[in-house]
Amino acid sequence: MEPDLHELLRSLRVWDPAVTDLRPFDPEGAPAEPLPLFARWLAEAAAAGQPEPHTMSLATADAAGVPDVRIVMLHGADERGWSFATHAHSRKGGQLAARPQAALAFYWPVLGRQVRVRGSVGTAPAEEAQADLHARSTGALASALTGRQSAVLGSADELARASEEAWERARREPGTPAPSWTLYRLRPEEAEFFQGDPRRRHTRLRYRRTADGWTTELLWP
């Protein structure tokens, strides 16, 4: 018997004190730019035991404006932007080619924190994308060499054969390029930091890029 979805949802807790540490956050002490705060929060989430704190939701839209979202891994963040990678011919690659704007969302429930970032997206030079790929694991290279991401798959056996060939090549030739592998960078125009509060007096600090740098403001929860 399938579970009663509504009963299940009502039974689930958010920010259980046994596993969640809702820490105080004073926005008056926040840095002038979002990147240092993001780096601090990411490190704190990792130290608190948050599984895969570097994963994020990536939201894009297709040429018709229909939204899409998926979980990807953050590859880096610096003054050039927040970076992630995929094949240029993948669904998200095609969407970013048609509409080069995106939004990112990080959620770290062990601390009751979220970070949301949105802005324009560009591509890094091809040599940077290949260097990023080859700095990762053999499995990452094998996955990239398997290719055909987002294309219709005929059967599981077809995937297994292509994957085995890709794994063998990745082990044999670890410097093999994957020409369609693309490193994207989101240049943030806005970044929001959310800290949960046990009495629901959540703190929301938003950074907005201006011609003179960054400005900050508090938002109602």
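Residues numbered from 1 in each chain as written. Predicted model: local features only at pLDDT ≥ 70, side-chain atom pairs only at ≥ 80, totals over all residues. Heavy atoms only, no water.

S.K.: Go over the layout of surface pockets, please, and point to the residues and values.
M.R.: In this structure, the largest pocket encloses a volume near 250 Å³. Together, 16 residues line the largest pocket, and Ala 85, Arg 136, Ser 143, Gln 149 and Trp 181 are the ones closest to its centre. Every element with two or more residues in the lining of the largest pocket is listed here: β2 (67-73), β4 (81-87) and α5 (138-146). Estimates place the volume of the second largest pocket at around 190 Å³. Along its surface, the second largest pocket is lined by Glu 33, Pro 34, Leu 35, Asp 78, Glu 79, Gly 81, Trp 82, Pro 188, Arg 209, Thr 210, Gly 213 and Trp 214. Listed by contribution, the elements that provide at least two residues to the lining of the second largest pocket are α2 (34-47), β4, β8 (203-210) and β9 (213-219). Residue classes in the lining of the second largest pocket are distributed as five nonpolar, three polar and four charged. (1 Å grid on protein atoms, 1.4 Å probe; cavity = no way out; pocket = protein on both sides within 12 Å on 5 of 7 lines; lining within 4 Å. Points joined across faces, edges and corners; volume = space filled by probe spheres on them. Helix = DSSP H or I, 4+ residues; strand = E, 2+ residues; numbered from the N terminus. Nonpolar A, V, L, I, M, F, W, Y, C, P; charged D, E, K, R; others polar.)

S.K.: Kindly report on helix α3 (residues 91-98), identifying the contributing residues and their values.
M.R.: Among the residues making up α3, those that are buried are Lys 92, Gly 93, Gln 95 and Leu 96. Across the axial projection of α3, the buried residues extend over an arc of 165°, all falling on one side. Counted as exposed and oriented over 90 degrees from the buried face of α3: Arg 91 and Ala 97. Where α3 is buried, its residues touch β1 (55-61), β2, β4, β5 (101-108), β6 (113-123) and β7 (181-195). (Buried < 20%, exposed > 50% of the residue type's maximum accessible area, 1.4 Å probe, protein only. Arc of directions from axis to C-beta. Contact = heavy atoms within 4.5 Å.)

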